[in-house]
Amino acid sequence: MLWSDPRDEPPRELRAAEAKLRRLGWLLPVVALLALLLTTGIH
């Protein structure tokens, strides 16, 4: 690989989409757990 070759990095849009998916990866279980607690009526 030459120094003049383009970097082997994903485009900015793809990096932004991956960041959103990572955030959703922990947000989704939290929301699901909260909904489960609210629907079962645990105080």
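Higher on the page you've got the structure.
Throughout what follows, the structure given in this document is the object of discussion. (Residues numbered from 1 in each chain as written. Predicted model: local features only at pLDDT ≥ 70, side-chain atom pairs only at ≥ 80, totals over all residues. Heavy atoms only, no water.)

### Structural notes on the overall build of the protein
Within the protein, the secondary structure is distributed over 1 helix and 0 strands. Counting the 43 residues in the protein, one finds 2% classified as buried. Total accessible area computed for the protein in this model is approximately 4,500 Å², and 68% of it derives from carbon and sulfur atoms. (Helix = DSSP H or I, 4+ residues; strand = E, 2+ residues; numbered from the N terminus. Buried < 20%, exposed > 50% of the residue type's maximum accessible area, 1.4 Å probe, protein only. Areas by Shrake-Rupley, 256 points an atom, 1.4 Å probe, with all protein chains shown as cover.)

### Describing helix H1 (residues 12-40)
Spanning 29 residues, H1 covers 42 Å between terminal C-alpha atoms, matching the ideal 42 Å at 1.5 Å per step. The largest bend along H1 reaches roughly 25° and is located at Gly 25, with the proline Pro 29 sitting one to four residues downstream. (Expected span 1.5 Å × (residues − 1). Bend = angle between axes of the 7 residues up to and from the residue.)

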